[in-house]
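# Observations on the three-dimensional arrangement
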Amino acid sequence: MKILLPPSETKRSGGSGPAIRLGSLALPGLLDQRAAVVDALVELAADEAASRRVLKLSERQLGDIANNRALRSSPTMPAADRYTGVLFDALDAATLPAASRRWLGANVWIHSAPFGPVGALDPIPSYRLAAGTSLPGVAALRRHWAAATTAAIAEEQPAFVLDLRSEAYVALGPIPVSVPAAYVRVVTDDGGTSRALNHFNKTAKGRLVRALAEDRPRVRSPRTLLSWASGRGILLRATEDDRVLELVVAG
């Protein structure tokens, strides 16, 4: 199984790993796309006013320009540790046992805007770029990434993909129809009807991935995933759409 997570806008600074090696990241077929975006971000960072405008930075976010300027040389840390925010706080990868962290590295991709999907333990630097940014020197990110990412996932041939991304990141790399997959929608049961949730969405997804990492089940289909979730006391259910699952949480 592969799990696709969205990134987070907020990130830890620093790191103790060597500078990023784009060719060593997961899905190596995306090397050319990665290099093009990194080059464009570094070039943009040479112009502070343009960076502020393109990246829509507030005064307190101006330090992100320096991060982009140093993308190829700054220290790295594992992606699952780099990202902060609600989903990654709930996942809390740093406190997982070693075997669970290895499972994250083997089974989880985090879909970043500059690097595409990277392994959860792939070392990455801090950066600033959102999925919807129009980056000078690169076609719209959706056009730049979508077909190449879909092809790279198809080449990987995962037995099953659990897609926990936001719609913006799904657009940067749709799962190929040839790959068995399920998109997870977080809902609450409200008087017998299902209501989509935003507030608890990221927390629920982070907790789900942590539980999977703790148990390390062999999941090769929605059926085996649903069976594991039932035994874990997690209410994950099928829908009329065989490529959508609902994760039910308290409202």
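Shown above is the structure to which this text applies.
We now turn to the structure provided with this report. (Residues numbered from 1 in each chain as written. Predicted model: local features only at pLDDT ≥ 70, side-chain atom pairs only at ≥ 80, totals over all residues. Heavy atoms only, no water.)

## Some points on the overall build of the protein chain
If you tally the helices and strands in the protein chain, you get ten helices and ten strands. Taking 2.2 N^0.38 as the reference for a compact globule, 251 residues should give roughly 18 Å; the C-alpha atoms of the protein chain span a radius of gyration of 18 Å, in line with that estimate. A buried classification covers 52% of the 251 residues belonging to the protein chain. A sequence separation of at least 24 residues applies to 67% of the contacts in the protein chain between residues at least 6 apart. A total accessible area of about 11,700 Å² is found for the protein chain, and carbon and sulfur atoms account for 50% of it. On the protein chain, the mean spot of the 31 positive side-chain charges and the mean spot of the 24 negative ones are 3 Å from each other. (Helix = DSSP H or I, 4+ residues; strand = E, 2+ residues; numbered from the N terminus. Rg over C-alpha atoms; globule rule 2.2 N^0.38 Å. Buried < 20%, exposed > 50% of the residue type's maximum accessible area, 1.4 Å probe, protein only. Contact = heavy atoms within 4.5 Å. Areas by Shrake-Rupley, 256 points an atom, 1.4 Å probe, with all protein chains shown as cover. Lys, Arg positive; Asp, Glu negative; His and termini not counted. Charge placed at Lys NZ, Arg CZ, Asp CG, Glu CD.)

## A word on unusual backbone geometry
Phi at Asp 92 is positive, roughly 50°, even though this residue is not glycine. Locating Asp 92 in the fold gives a position in the loop between α5 (86–91) and α6 (98–107). For Arg 216, which is not glycine, the phi dihedral falls at a positive 50°. The residue Arg 216 is located in the loop between α9 (201–215) and α10 (222–232) in this model. A relative accessible area of 39% means that Arg 216 is categorised as partly exposed.

## Section: the layout of surface pockets
In this structure, the second largest pocket spans a volume of roughly 300 Å³. Every residue lining the second largest pocket is counted, 18 residues in all, and those nearest its centre are Lys 11, Asp 64, Asn 67, Ser 126 and Tyr 127. Counting residues per element, the lining of the second largest pocket draws most heavily on helix α3 (residues 63–69), at three residues. The residue inventory of the lining of the second largest pocket, partitioned by class, reads four nonpolar, seven polar and seven charged. (1 Å grid on protein atoms, 1.4 Å probe; cavity = no way out; pocket = protein on both sides within 12 Å on 5 of 7 lines; lining within 4 Å. Points joined across faces, edges and corners; volume = space filled by probe spheres on them. Nonpolar A, V, L, I, M, F, W, Y, C, P; charged D, E, K, R; others polar.)

## Considerations on the pattern of salt bridges
This model, assessed by the stated rule, comprises eleven salt bridges. Among the ionic pairs, Asp 215 bridges to Arg 232, the shortest N-O distance being 2.9 Å. Placement of the pair is Asp 215 in helix α9 and Arg 232 in helix α10, with a sequence separation of 17 residues. Assessed through its relative accessible area of 35%, Asp 215 is described here as partly exposed. Connected via shared salt-bridge partners are Arg 210, Glu 214, Asp 215 and Arg 232. (Salt bridge = Lys/Arg side-chain N within 4 Å of Asp/Glu carboxyl O.)

## Describing the pairing of strand β4 (residues 116–119)
Along any regular strand the residues' side chains alternate between the sheet's two faces. Alignment of strand β3 (residues 108–112) against β4, held across four bridges, turns out to be antiparallel. Note on β4: the bridge partner recorded for Ser 112 is Gly 116. (Pairing = 2+ DSSP bridges.)

## Describing the packing of α9 against α10
Running from N to C, α9 and α10 cross one another at 95°; their axes reach a closest spacing of 12 Å. The angle between the axes of α9 and α10 places the two elements in the roughly perpendicular class. For the pair formed by α9 and α10, the contact residues are Leu 208, Ala 211, Leu 212, Glu 214 and Asp 215 on the first element and Leu 225, Trp 228 and Arg 232 on the second. Considered class by class, the residues forming the contact of α9 with α10 number five nonpolar, no polar and three charged. (Axes fitted to C-alpha atoms, helices over the stretch in contact; angles between N-to-C directions. Parallel < 35°, antiparallel > 145°, perpendicular 65-115°, else oblique.)

## Considerations on the packing of aromatic side chains
One pass over the structure, following the stated rule, counts three aromatic pairs. A ring pair is formed by Tyr 83 and Tyr 127, whose centres lie 6.4 Å apart and whose planes are at 80°; its orientation type is edge-to-face. With a gap of 44 residues between them, Tyr 83 in the loop between α4 (79–82) and α5 and Tyr 127 in the loop between β5 (123–124) and α7 (141–156) connect regions that are remote in the sequence. Neither residue differs from the other here; Tyr 83 and Tyr 127 are each classed as buried. For the ring pair Phe 115 and Tyr 127, a centre distance of 5.7 Å and an interplane angle of 80° mean the geometry is edge-to-face. With Phe 115 in the loop between β3 and β4 and Tyr 127 in the loop between β5 and α7, this residue pair connects regions lying twelve residues apart in the sequence. (Phe/Tyr/Trp six-rings, centres within 6.5 Å; stacked < 30°, edge-to-face > 60°.)

## Thoughts on α7
Because an α-helix completes one turn every 3.6 residues, residues spaced three or four positions apart along the sequence face the same direction. Across its 16 residues, α7 extends 22 Å between first and last C-alpha, which sits within 8% of the 22 Å expected from 1.5 Å per residue. What α7 keeps buried is the set Leu 141, His 144, Trp 145, Ala 146, Thr 149, Thr 150, Ala 152 and Ile 153. Contacts made by the buried residues of α7 are with β1 (2–5), α1 (31–45), β3 and β4. The first or second residue beyond α7 is Gln 157, which carries a positive phi of 55°. (Expected span 1.5 Å × (residues − 1).)

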